[in-house]
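Observations on the model geometry
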Amino acid sequence: MVCAYRARASRWPSPLFVDPWADQLAGKDGHAMARDIDLRFPPMEVWLAVRVAYLDRLVGIAVDRLSVRQIVILGAGYDTRAARLPRAGVRFFEVDHPATQAAKCARLAELDGYPIDAATYVRCNFETDDPVDRLAASGFDLHEPAFVIWEGVVSYLTEDVIRSAASRLATGLDPRSLLAFEFLGKNYGTGAKVQPADVGARTYIGDLGEPIRFGSDDVLPLLYDCGFRWVRVHDFNELALELLHDYQRERQFRFQRLALAAVQAPAAGWP
Ligand SMILES: C[S@@+](CC[C@H](N)C(=O)[O-])C[C@H]1O[C@@H](n2cnc3c(N)ncnc32)[C@H](O)[C@@H]1O
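Predicted, not measured: the structure shown is a model, and the values here were computed from it. (Residues numbered from 1 in each chain as written. Predicted model: local features only at pLDDT ≥ 70, side-chain atom pairs only at ≥ 80, totals over all residues. Heavy atoms only, no water.)

What follows deals with the overall build of the chain. Helix and strand content of the chain: 11 helices and seven strands. Compactness check: the chain gives a C-alpha radius of gyration of 18 Å against a globular reference of 18 Å for 271 residues, within 12% of the reference. For the chain, the proportion of its 271 residues judged to be buried stands at 52%. A total accessible area of about 12200 Å² is found for the chain, and carbon and sulfur atoms account for 50% of it. Averaged over its 31 positive side-chain charges, the chain has a centre that lies 2 Å from the centre of its 36 negative ones. (Helix = DSSP H or I, 4+ residues; strand = E, 2+ residues; numbered from the N terminus. Rg over C-alpha atoms; globule rule 2.2 N^0.38 Å. Buried < 20%, exposed > 50% of the residue type's maximum accessible area, 1.4 Å probe, protein only. Areas by Shrake-Rupley, 256 points an atom, 1.4 Å probe, with all protein chains shown as cover. Lys, Arg positive; Asp, Glu negative; His and termini not counted. Charge placed at Lys NZ, Arg CZ, Asp CG, Glu CD.)

Along its 19 residues, helix H2 (residues 22-40) runs just 22 Å from first to last C-alpha, ending more than 12% under the 27 Å computed at 1.5 Å per residue. Its axis deflected by about 75° at Lys 28, H2 carries its strongest bend there. Buried within H2 are the following residues: Ala 22, Leu 25, Ala 26, Gly 27, Gly 30, His 31, Ala 34 and Ile 37. The inward-facing, buried residues of H2 abut helix H1 (2-10), helix H3 (44-64), helix H5 (98-109) and helix H9 (196-207). (Expected span 1.5 Å × (residues − 1). Bend = angle between axes of the 7 residues up to and from the residue. Contact = heavy atoms within 4.5 Å.)

Here the focus is the site of the ligand. Close to the ligand lie 18 residues; Gly 75, Asp 96, Thr 100, Phe 126 and Glu 151 are nearest. Backbone polar atom of Gly 75 to a nitrogen atom of the ligand: 2.7 Å apart, as the coordinates give it. Within the backbone of Phe 126, an N or O atom sits 2.9 Å from a nitrogen atom of the ligand. Its residues placed into classes, the shell around the ligand shows seven nonpolar, six polar and five charged. (Near = heavy atom within 4 Å. Polar contact = N/O pair within 3.5 Å; in protein donor to acceptor, adjacent residues only side chain to side chain. Nonpolar A, V, L, I, M, F, W, Y, C, P; charged D, E, K, R; others polar.)

Below, the discussion takes up the sheet that holds strand S5 (residues 178-184). Within the open sheet, the seven strands sit side by side as S3-S2-S1-S4-S5-S7-S6. Their pairing is mixed. Whereas interior strands pair on both sides, the edge strands pair on one side only; in this sheet they are strand S3 (119-123) and strand S6 (230-235). Along the sheet, successive strands turn relative to each other by an average axial angle of 20°, direction set aside. Examined bridge by bridge, strand S1 (residues 70-74) and strand S4 (residues 147-150) share three bridges and lie parallel to one another. From the neighbouring strand, Val 72 faces S4, where its bridge partner is Val 148. (Pairing = 2+ DSSP bridges. Axes fitted to C-alpha atoms, helices over the stretch in contact; angles between N-to-C directions.)

Okay, the side chain of Ser 216 next. With respect to the secondary-structure elements, Ser 216 resides in the loop between H9 and helix H10 (220-226). Within the structure, the side chain of Ser 216 is placed 3.0 Å from the backbone nitrogen of Asp 218, a separation counted as a polar contact. Setting aside anything within four residues of it in sequence, one finds Ser 216 in contact with Phe 183, Leu 184, Gly 185, Lys 186 and Arg 257.

Moving on: the nonpolar core. Ile 37, Leu 58, Ile 71, Phe 147 and Trp 270 are the most contacted members of the largest nonpolar core, which totals 63 residues. The leading source of residues in this core is H3, at 15 residues. Counting 35 residues, the second-largest nonpolar core is a separate cluster that includes Val 95, Val 122, Ala 166 and Phe 181. (Core = buried A, V, L, I, M, F, W, Y, C linked by side-chain atoms within 4.5 Å.)

What follows deals with the environment of Arg 87. In this fold, Arg 87 is placed in the loop between helix H4 (81-84) and strand S2 (91-96). A relative accessible area of 36% places Arg 87 in the partly exposed class. Separated by 23 residues in the primary sequence, Arg 87 and Asp 64 place their C-alpha atoms 9.8 Å from one another. Arg 87 has contacts with Gly 60, Val 63 and Asp 64, leaving out every residue within four places of it along the chain.

We now examine the state of the cysteines. A full pass over the atoms with the stated rule returns zero disulfides. Between Cys 124, a cysteine without a disulfide, and Cys 105, which holds the nearest cysteine sulfur, the sulfur-to-sulfur distance is 15 Å. (Disulfide = S-S within 2.5 Å.)

So, on to the environment of Thr 171. Inspection of the secondary structure puts Thr 171 in helix H7 (residues 159-172). A sequence separation of 76 residues divides Thr 171 from Tyr 247, and the C-alpha atoms of the two residues are 39 Å apart. A distance of 3.4 Å separates the side chain of Thr 171 from the side chain of Arg 168, its partner in a polar contact.

Under the definition given, this model contains 10 aromatic pairs. Each ring, one from Phe 236 and one from Phe 253, has its centre 6.5 Å from the other, and the planes form 65°; the classification is edge-to-face. Here Phe 236, found in helix H11 (residues 236-244), pairs with Phe 253, found in the loop between H11 and strand S7 (256-262); they are 17 residues apart in sequence, far enough to count as distant. For the pair shown, Phe 236 and Phe 253 are each scored as buried. It is Arg 51 that lies over the ring of Trp 47; its NZ or CZ is 4.9 Å from the centre. (Phe/Tyr/Trp six-rings, centres within 6.5 Å; stacked < 30°, edge-to-face > 60°. Lys NZ or Arg CZ within 6 Å of the ring centre and 35° of its normal.)

These results come straight from atomic positions and should not be treated as a statement about function.
In structure tokens, the structure reads:
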């Protein structure tokens, strides 16, 4: 489904990014799911496009301004950054649940020209495995900084699992490392008080077998508990305004935010 949206966003008249593999990765099923979500949450395409584009931009800033040479994508799913954003001397590590990763690699092998070796694939179930240990066992250098992307994942984990993984990132990675993840608001994430207009998309995603379990209106205390000492939270309306140069009230990014966290304050140039 995410690939379908990346494929559609790649065809915008002035695209924020172009993903040449997204269409094939989405397949008919992915496009059908995206059409179902459109009916339930119309701003989904814009939200995903801004999310992908902003994180792409952060990869560029991490590499070009902060000299980061390791990009870690946690819960990578059908992410294609390793293929889309190759840089000399920069390694991409895709960390994912073994089942998802096996399905993805099988799919990638069917694509003509996909550079499957562009990433190192790291099998990790966040519920049972230590992501830092798994990375170290796969050739990741714990003494060099990394930019860690956790995109579209924390919403599907319990808070305990998020705390455990985030604590390991804060304590186990080089302290110059940077983390970025997007998250949903508390009412939507926990399902406690979901507005009627939002019930359809939440239920649809849960029915696909991946229920939304986590949401927060203030992730700073959680990140502080885990060991992070620098946190910034961006609102998706602001990111959309910055990237698309306009604002439409009907987008209603009422509960989508993006957090940046680090153990020590990043060097100048990090947003
Ligand atoms: C909605 S997909 C997002 C994929 C991708 N990051 C993106 O934004 O397109 C959720 C991802 O979280 C991963 N995930 C969910 N629970 C996990 C767990 N317990 N351990 C490892 N990965 C998990 C899934 O395997 C999947 O790749």
